[in-house]
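# Notes for the structure review
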Amino acid sequence: MRDAKPSRYRRRVATLLLLLFAAGVAGQQQAPPVPPELRGVSEQLTGLTKDVANTISESFSFCVADPVEDWNGAFNYTSDLGFVRQCLAETRGDMAQRLCTPAEAKFYFTSLFDAKGEKNLFLKTNVNCGRTSWAPGCEPGWGCSAGSNPVPNNGDDIPLRTTNCQPCCEGFFCPRGLTCMLPCPLGAYCPRATMNATTGLCDPYEYQITLNSTNGCGGADKWADFDSTEEIFCPAGYHCPTPTSKDSCSRGHYCKLGSTTENKCIVKRSCKENEENENIIILGAFLVGAIGVLLLIIYNCSGQFLTIRERRKAKSRENAIQLARQQLKAHEGWKAAKQLAKRHVHGVQDHLSRTFSRRRSFRQPTDPESQRVQESRLMGSVKAQEMSDSAVFSAQRTSEISEVMPSVIMDISNDGEIVMDKPAPKGKHRSTHTQIFKYAYGEIEKEKVRQEENKNMSFTGVIDMVKEQQKEITRPLLKVEFKNLTLSLGKRKLLRSVTGELHPGRVTAVMGPSGAGKTTFLNAVSGKVTGYQMTGSVLVNGKHGSIRSYKKIIGFVPQDDVVHGNLTVEENLWFSANCRLPARMSHRDRVLIVERVIDSLDLQGVRNSVVGTVEKRGISGGQKKRVNVGLEMVMEPSLLILDEPTSGLDSSSSQLLLKALRHEALEGVNICAVVHQPSYTLYNMFDDLILLAKGGLIVYNGPVKTIEEFFITLGIHVPDRVNPPDHYIDILEGIVKPESGINAKHLPVHWMRYKGYEVPSDMKDDLKAMGEESLQIGPDRSLSGSTPHCLPGGVRNAFSEERNRLENRLSKPNDLSSRRTPGILKQYKFYLGRVTKQRLRDGRLLGVDFLILGLAGICLGTIAKLSDPTFGMPGYIYTIIAVSLLCKIAALRSFSLERLQYFRERESGMSTLAYFLARDTVDHFSTVLKPIIYLSMFYFFNNPRSSIGDNYTILLALVYCVTGIGYTFAICFSPGSAQLCSALIPVVLTLVSTQRTTPTFLKMLSYPKWALEGFIIVNAKRYPGVWLITRCGLLFKSGFDINNYKLCILILFMYGLFFRIVAFAAMVLLKKR
């Protein structure tokens, strides 16, 4: 409809205006009774309304929201018909013969634009005003009566109207070249004109009297859009209740251009007399100040809340540690007292037995029953003495413990264990933080005691310890075998015929020179290689299948420290534990696991410290490396793969980390780690070793203790005071030549022959180059029988036998689906808590975003002042560009800054949907607040006619839309490209949507078009009466529809939802670059 030709538009405008003045005078609903002298005019106009009402309501629906409201707003004169009564008096009752017919009204409004759609204020010739006849009423501001001439009723012919010509009545306008009168709309001021002797114009209008004319100045001469003429618009600073009255705006009120009533000022003192607009800048400043105070309160209170919470937990933790140590100390005291009592009892028993034996030799045997009674009495006295001794010790210990925990009753069972008896607290929370920490640290202290006892353990003790550990192992055991594993990238082979295995309960080191493919080997074994051609097989517990199906119980520690820098050490570990441990695991068991990892990695001192980023200093590099490892340890993996965990650590930190890994291995965990240049002590802490040569070939795979024996068979001896792995790597690098003369290039072939593996066809030349060289290589020994080096050497064989029993369980692997991690909703809850903490700690960035947005509102509100003829379109165009740019760039931080962390969490089995929804949910806080920040500046500096609520709704939909687009850019593009797109796309799309030559379908696909249409619509609705021609013209030229307000909001929200779906799909489908 709005793409029609200009002539069609002219006809519609004519019909619209005809309905406006007709319905305004005679068609009001519930109008007061018409005076008798006006009934004739009323009936004539009522009949005129009925002829065109149906056509108008359909043709001009794009600029008329509510016909009744708009008609009444333009021509509802029922409140004051004085100017009509005055016109009847001036025309002596001939007013009905002077009003324009539908044909004349149509003729006038269709002549406002030429054939090209350009403005034309000069009417065409007609039967009354032409070359052959020019009645006095043809002059501007003059009109004539039809007299006795019949008025046609067909609506197409212009009647003869040339008699009794006189100036146009006040409240009406008479166009030049037309001899009839049209009523001025509300909001117009149409007085009788007066001659200005200086300019020769008829004030307040701009027309001149035709030369040689006997006419004087008449009334108003035209009504068109504001750009064409503003003569009849009620001036700013005044209000015009009727087209014939103009009143000054009183103090405490303001009157905009075309006003019919006064508008009260919010701050009355700010509005003087004849005020054109209210200055509400101070209100905007007050709103910004209130929002700023609220944000500061939220930010400080939330930070204080986190601090208080951490202090309470720290206090509970300290109390728990003290209680656990005191209980352990008491337990050791009870054990010592028990041993003392046992020795005392044994001494008394030996003495009594010797005494009785001597007496039996001189006496007759007595009754057995009486003998048992006598012995029982004696043993009773002995036990009484034992209890008395224990009571003394118990009293001392009890008094010591009761000072800290008086309500706890301790009982010592026969096996020496402590049984705690404490009444359950009232209420539904039966476990406090202190009790949970007490349980956790009690278990940790017991484990430390066991480790100390194991250092000097006897042979039988080792067997008992291993059996006890076998009962305690609850994790699924994973044995990984790789056969003829070859990895190629194009023609280049990164791994070649790699065969070996990784055993549960053992710590395997992967070593080799640079470029040997160590990290590639770990990625291939863990199933993390993409885009490569891979041959061979990886078996888990002897079964074929993708190792990725075990990802919930596989931990992978990357080489880089991929941790969240704006979280504390404890928060990082707790999030990993919550999302990856079994959902049914109790809270106190989770606490035990996390506290055990923190204690074993020596992170107690920095547990509440922020990890830190490149820009913000946090913990040290070595501590961050241990946190990186701890993220995988807290999920209790069955297979733990580490890529250079000791790089960047000193010797003591490396040994601390290896001790923690050895403790995990005792739980049945299969551990494999890439290590660079380990010290001799660190090297001996590994069970097995995989030695790779350049080109991805295996030189050795077996126990650490047998590697020297293997190389000795090849004539390679480790010199004195030289670290074995350094010597072997120097040989593989070609730095050191073997004494036996063996070429280092042939070492992988020697290993294949040693193990009986088939030599690949592309290595046959190396096999021939070796010639008939015969090596005294011993028989293939079992290379999987090593034991942890932390145990005494004399008991390692016993440990190996018990460990072999554990490996027999591999024939019946556990159902890996038994690890049921928390579902999407629970993970969403954990993600939501984490993202909220991150946003609180990054509150300064959010504050900077708000500050920049507020400054943009001030600048645009000041520069792009509201222009009534354009309904503020320039300012809204700038608003769309600025808000889109700033909000998109801010949305990039939601995903682009944590790309590596996301990939790590996704590969470990965490929910992508929960991650995305949590970040989007927290961003809704900014989405809701940013429009308020911007409008608090722009709206109060620009002061448009539309309400702040309508502007906020559109701006909220716009921010939601562009935030979704920013998500898509952040996920699909690199940071640099995403920022460039975020800056260019708003400008380009806004220019495209505002150009008239742009195809309609492109405008429909452009979100700025819908945002701009929404802003213009809410403003256009506030321009009634005299502004109706301007409103319809602007909406027609822009291609907007005044009824599309809800559609604009809906489309913007749908765009935001669509791009969020695209962003989420990209997160799932796109791989790590």
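The structure under discussion appears in the preceding block.
So, here is what we can say about the structure in this document. Everything numeric here is computed off the predicted structure, so don't read it as measured data.

Let's shift gears to the packing of aromatic side chains. On inspection of all chains with the given rule, the structure shows 31 aromatic pairs. Pairing Tyr831 with Tyr915 gives two aromatic rings, centres 5.5 Å apart and planes at 75°, and the pair type is edge-to-face. A residue pair is termed long-range when its members are at least 10 positions apart, and Tyr831 in helix H21 (residues 824–841) and Tyr915 in helix H25 (residues 912–942) qualify at 84 residues. Here Tyr831 matches Tyr915 in class, with each residue buried. A connected cluster of aromatic rings, assembled from ring pairs, spans Phe575, Tyr831, Phe895, Tyr902, Phe903, Tyr915, Phe916, Tyr967 and Phe1064. Sitting above the plane of the Phe556 ring, Lys528 keeps its charged end 4.9 Å from the centroid.

Okay, the environment of Cys168 next. Inspection of the secondary structure assignment puts Cys168 in the loop between strand E2 (163–167) and strand E3 (172–173). Residue classification places Cys168 among the buried residues on the basis of a relative accessible area of 0%. Sequence separation between Cys168 and Trp142 is 26 residues, and the spatial gap between their C-alpha atoms is 4.9 Å. Dropping the residues within four chain positions of it, Cys168 is found in contact with Gly141, Trp142, Phe173, Cys174, Met181, Arg192, Gly219 and Ala220.

Before going further, it helps to examine the state of the cysteines. Applying the stated rule across the entire model yields ten disulfides. Covalent S-S linkage joins Cys168 and Cys174, the inter-sulfur distance amounting to 2.2 Å. Its torsion about the S-S bond being 80°, the disulfide of Cys168 and Cys174 is classed as right-handed. With a relative accessible area of 0%, Cys174 lands in the buried category. Note on cysteine connectivity: Cys202 is disulfide-linked to Cys217, with sulfurs 2.1 Å apart. Around the S-S axis, the bridge from Cys202 to Cys217 shows a dihedral of about -75° and counts as left-handed. Of the two residues, Cys202 sits in strand E6 (residues 202–203) while Cys217 sits in the loop between E6 and strand E7 (238–239), which places them 15 residues apart along the sequence. Neither Cys202 nor Cys217 differs from the other in exposure class; each is buried.

Both faces of the sheet carry side chains from a regular strand, because those side chains alternate between them. Among the five residues of strand E15 (residues 507–511), five are classified as buried, and the element is accordingly described as predominantly covered. Of the two faces of E15, the one carrying Val507, Ala509 and Met511 and the one carrying Thr508 and Val510 are both buried. Note: E15 against strand E19 (residues 670–674), four bridges, orientation parallel. In the strand pairing of E19, Val510 is matched with Val674. Pairing analysis gives four bridges linking E15 to strand E20 (residues 688–693), with the strands arranged parallel. Considered in E20, the bridge of Thr508 is made with Asp688.

Moving on: the nonpolar core. Membership of the largest hydrophobic core comes to 119 residues, with the highest contact counts inside it found for Phe172, Tyr934 and Ile1016. With twelve residues, the top contributor of residues to this core is helix H26 (residues 948–972). In this view, Tyr934 contacts Leu853, Ala856, Gly857, Leu860, Thr879, Val883 and Leu955; residues no more than four positions away in its chain are not counted. If you look at the next biggest cluster of nonpolar residues, it comprises 96 residues, including Leu581, Leu639, Ile698 and Val699.

Spatially, the six strands line up as an open sheet ordered E17-E18-E19-E15-E20-E21, and their pairing is mixed. Strand pairing shows two members of the sheet lacking a second neighbour, strand E17 (554–557) and strand E21 (697–703), which therefore form its edges. On average, each strand axis in the sheet is inclined to that of its neighbour by 15°, with strand direction left out of account. Packed onto the sheet, helix H10 (residues 518–526) meets E15, E17, strand E18 (639–643), E19 and E20 and runs at close to 155° relative to E18. Together, E20 and E21 form the strand contacts of helix H18 (residues 747–755), whose direction differs from that of E21 by roughly 50°.

With omega at 0°, the peptide bond leading from Asp203 into Pro204 counts as cis. Mapped onto the secondary structure, Pro204 falls in the loop between E6 and E7. Located in the positive-phi region is Asn484, a residue other than glycine, with phi close to 50°. With respect to the secondary-structure elements, Asn484 resides in strand E13 (residues 480–489). Owing to a relative accessible area of 46%, Asn484 belongs among the partly exposed residues under this scheme.

What follows deals with the pairing of strand E1 (residues 142–145). Of the two faces of E1, the one lined by Trp142 and Cys144 and the one lined by Gly143 and Ser145 are each fully buried. Here three bridges tie E1 to E2, and the two strands are oriented antiparallel to one another. Paired with Trp142 across the strands is Pro167, a residue of E2.

Cut-off values and rules
- Residues numbered from 1 in each chain as written.
- Predicted model: local features only at pLDDT ≥ 70, side-chain atom pairs only at ≥ 80, totals over all residues.
- Heavy atoms only, no water.
- Phe/Tyr/Trp six-rings, centres within 6.5 Å; stacked < 30°, edge-to-face > 60°.
- Helix = DSSP H or I, 4+ residues; strand = E, 2+ residues; numbered from the N terminus.
- Buried < 20%, exposed > 50% of the residue type's maximum accessible area, 1.4 Å probe, protein only.
- Lys NZ or Arg CZ within 6 Å of the ring centre and 35° of its normal.
- Contact = heavy atoms within 4.5 Å.
- Disulfide = S-S within 2.5 Å.
- Pairing = 2+ DSSP bridges.
- Core = buried A, V, L, I, M, F, W, Y, C linked by side-chain atoms within 4.5 Å.
- Axes fitted to C-alpha atoms, helices over the stretch in contact; angles between N-to-C directions.

These values are about where atoms sit, not about what they do.
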